[in-house]
Amino acid sequence: MDNNFSILHEAPDPQEYIGLRLEGGISGKSKEAATTGLKNSLFAVSIYDQGVLIGMGRIIGDGGAFFQVVDIVVKPNYQGKGLGKAVMRELMDYLDNHTYSGSYVSLIADDPANKLYEQFGFRYTYPASHGMYRKY
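Draft legend 1. Representation of the sheet that holds strand β3 (residues 52-61) within the structure. Judged by pairing direction, the sheet is mixed, and its five strands sit side by side in the order β1-β2-β3-β4-β5 without closing on themselves. Two strands bound the open sheet, and with one partner strand each, they are β1 (6-8) and β5 (104-107). The sheet shows a mean angle of 15° between the axes of neighbouring strands, direction not considered. As judged from the three bridges shared by β1 and strand β2 (residues 43-49), these two strands associate in the antiparallel manner. Looking at the pairing, L8 lines up with S46 of β2.

Printed below as a string of structure tokens:
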């Protein structure tokens, strides 16, 4: 990873967040949802290149029994530079220091990002269980 990038342990501005998600090819969020969601993060990592948000990830949950890794996204023109791994290392460091015996950490993996998550010890729940969701 380029040493000129700034890694901050804070959530980005809601508008930056929405723009990065869309540019990175994941779903958009309303400004209201982004504002509320970001401020309720347990932990966030934001990577900037000269003040421009280029990558991020967050952990949400109850802070004890359940944690979820979300919003792992890197701008397309910055992909392949180790930024996704850098975000995951920061998130895993947080989890290693803030989870308990029996804590459950989950995520939803889209192809090909599932290969990244496997490198950090994440495994498929199927066939023992099935990931499900409901979207509004």
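Draft legend 2. The arrangement of helix α1 (residues 14-23) in detail. Taken together, the buried positions of α1 are occupied by P14, Y17, I18, L20 and R21. One face of α1 carries all of its buried residues, which in axial projection span an arc of 165°. The secondary structure elements touched by the buried residues of α1 are α2 (31-39), β3 and β4 (66-74). Here α1 starts with a cap whose side-chain oxygen sits 2.9 Å from the backbone nitrogen of Q15, and that cap is D13. A positive backbone phi angle near 85° is found at G25, which sits one or two residues after α1.

Scoring rules and cut-offs
Residues numbered from 1 in each chain as written. Predicted model: local features only at pLDDT ≥ 70, side-chain atom pairs only at ≥ 80, totals over all residues. Heavy atoms only, no water. Pairing = 2+ DSSP bridges. Helix = DSSP H or I, 4+ residues; strand = E, 2+ residues; numbered from the N terminus. Axes fitted to C-alpha atoms, helices over the stretch in contact; angles between N-to-C directions. Buried < 20%, exposed > 50% of the residue type's maximum accessible area, 1.4 Å probe, protein only. Arc of directions from axis to C-beta. Contact = heavy atoms within 4.5 Å. Polar contact = N/O pair within 3.5 Å; in protein donor to acceptor, adjacent residues only side chain to side chain.

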